[in-house]
Amino acid sequence: MPNEYSAVPPLPPAQSGPAVGQSGMQSGASPASDTGPRRYRCPGCGASLEYNPVGGVLKCPYCGRTEVIPDSGASVDERSYEAYLQPSAAQMSLLAANALEVTCQGCGAKTVFEPPEVAGRCPFCGVPIVAQPITADPLVTPSGVLPFHVSQQQAQTSIRTWISRLWFAPNALKEQAQPTAMQGVYLPFWTYDSQTTSFYRGERGEHYYETETYTETDSNGKQVTKTRQVQKTRWYPCSGRVARWFDDVLIAATTSLQRNRLDALDPWDLPALKPYTPEFLAGFKAQRYQVSLQDGFTLAKDVMGQQIRTDVTHDIGGDEQRIHDIQTSYSGVSFKHILLPVWLSAYRYQNKVFQVMVNARTGEVQGDRPYSAWKIFFAVLLVAAVLFGLYLAFGQGH
Ligand SMILES: [Zn+2]
Ligand SMILES: [Zn+2]
């Protein structure tokens, strides 16, 4: 992994006091509860406005009128991790004043949306949702959102291109793949900031060379004595301390999609995060987080741990390193709950469903795919034939 975290903390690192500014979230959320859904009515024809990824505005699907989403002027706030471990009612809220929630019977994912959007099919497993939507439960309010930037049409084009470029895919895939309806979903993520201090114990290995004597038979069949340099390692016990500031360690808070596929959707342009306001939800769905704030931090510690091991290795120095033990303490931990946009689709091929997702900021496609057993078989055969040919051409000389 590239070194994406700075070794020095910014000034000052996040405070851990309970009075973390939530102005960004509240100034975005509270006016919506005053004026309610009226805010999303088209002033021209009264239809419901939807968030439009192309212009980044609310747009009427009928008469085309657009409304600019007012800039709250707030910044996306960091919150104290400790203050939210047992969130109070004041720290929880609805994604929108009239937010509804359904639980999929197929996969258990909880999806939040607001009228006129309907439950329809589960965006994660494609099963039609029959449960009645209920009023959404409050959740830890998102502090930031990356709005949809790639339109549904662009995402469909990206998927078609992706399918056409798949290696070892069955030839019929291009003609027969039937994409199911595509749904725009905001996925829940946590990001964590933390100052870390790590004490380690280990050993530093230093190379040295010894001269070794050996005998060899020369071309005349005579025994000759020669010497050579042999590399050895001498180990020295060592211990020390490394410190690093981590900024925005990103952890997916959904378990409905494979984590490795989600990770592969990186990079996300997190500096472009906007303070969450309910307007962004208009015409889209959002998933309720399935990974708790605490469990997310455990995953974030694993991510930080890899970087810390690299730091310890550098700190030990020498030619080789052994790490016996690392004890890390975390301080000034803060987090953000953010929503990131993906287009979810599935395509059917020979009665199997393959899940595909598109990063709605970059158009990057990740997904499941069928393999053609025949194409792989012939490719392996071809490689084997080439290797055998090389053996015949060059290998027999010896
Ligand atoms: Zn209209
Ligand atoms: Zn489902």
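Anything mentioned here points back to the structure above.
Residues numbered from 1 in each chain as written. Chains lettered and ligands numbered in written order. Predicted model: local features only at pLDDT ≥ 70, side-chain atom pairs only at ≥ 80, totals over all residues.

### Topic: the overall build of the protein chain
Right, on to step 1. Within the protein chain, the secondary structure is distributed over 6 helices and 18 strands.
Right, on to step 2. In the protein chain, the share of contacts with a sequence separation of at least 24, taken over all contacts with a separation of at least 6, comes to 76%. (Helix = DSSP H or I, 4+ residues; strand = E, 2+ residues; numbered from the N terminus. Contact = placed C-beta atoms within 7 Å.)

### Regarding the sheet that holds strand β3 (residues 66–67)
Strand pairing in a sheet is mediated by backbone hydrogen bonds. Such pairs are either parallel or antiparallel.
Right, on to step 1. If you walk across this open sheet you meet the 3 strands as β1-β2-β3, and the pairing is antiparallel. If you trace the sheet from one side to the other, it starts and ends with β1 (50–52) and β3, each paired once.
Right, on to step 2. Direction of pairing for β1 relative to strand β2 (residues 57–59): antiparallel, over a ladder of 3 bridges. Paired with Glu50 across the strands is Lys59, a residue of β2. (Pairing = 2+ DSSP bridges.)

### A look at unusual backbone geometry
Excluding glycine, a negative phi dihedral is what most residues carry, and trans is how most peptide bonds are arranged.
Right, on to step 1. Omega for the peptide link from Pro115 to Pro116 comes to 10°, which places this bond in the cis form.
Right, on to step 2. Tracing the chain through its elements places Pro116 in the loop between β7 (110–113) and β8 (134–135).
Right, on to step 3. In this structure, the amide linkage connecting Asp266 to the following residue, Pro267, adopts the cis form with an omega of 0°.
Right, on to step 4. Within the secondary structure layout, Pro267 lies in the loop between α4 (259–264) and β14 (274–275).

### A word on the pairing of strand β12 (residues 183–217)
Right, on to step 1. Summarising the sheet, β12 and strand β16 (residues 320–349) pair through 22 bridges and their orientation is antiparallel. Residue pairing for β16: Thr196 is matched across the bridge by Tyr330.
Right, on to step 2. The pairing of β12 with strand β15 (residues 285–287) spans 2 bridges and is parallel. By the bridge assignment, Tyr186 is partnered in β15 with Ala286.
Right, on to step 3. Relative to strand β13 (residues 223–252), β12 runs antiparallel, the two being bridged by 28 bridges. Paired with Glu203 across the strands is Pro237, a residue of β13.
Right, on to step 4. Taking the residues between adjacent antiparallel strands as the criterion, β12 and β13 are bridged by 5 residues, where Gly221 takes a positive phi near 80°.

### Description of the pairing of strand β17 (residues 352–359)
Right, on to step 1. As defined by bridge partners, β16 adjoins β17 across 8 bridges and the pair is classed as antiparallel. Among the inter-strand pairings, Trp343 is bridged to a residue of β17, identified as Val358.
Right, on to step 2. As paired strands, β17 and strand β18 (residues 365–367) are joined by 3 bridges and run antiparallel to one another. The residue of β18 that forms the bridge with Met357 is Gln366.

### What to know about helix α2 (residues 152–164)
Right, on to step 1. In a regular helix each residue adds 1.5 Å, so 13 residues correspond to 18 Å; α2 covers 18 Å between its end C-alpha atoms and thus fits that length.
Right, on to step 2. All buried positions along α2 are accounted for by Ala155, Ile159 and Ile163. Viewed end-on, α2 has its buried residues packed into an arc of 75°, placing them on one side of the element. For α2, exposure combined with an orientation more than 90 degrees from the buried face picks out Gln153, Thr161 and Ser164. (Expected span 1.5 Å × (residues − 1). Buried ≥ 20, exposed ≤ 12 C-beta atoms within 10 Å, placed from the backbone. Arc of directions from axis to C-beta.)

### Structural notes on the environment of Gln327
Right, on to step 1. By the element assignment, Gln327 lies in strand β16.
Right, on to step 2. A C-alpha to C-alpha distance of 9.1 Å links Gln327 and Arg201, two positions 126 residues apart in sequence.
Right, on to step 3. If near-sequence neighbours (up to four positions away) are discounted, Gln327 is found in contact with Ser198 and Phe199.

None of this, on its own, says anything about what the molecule does.
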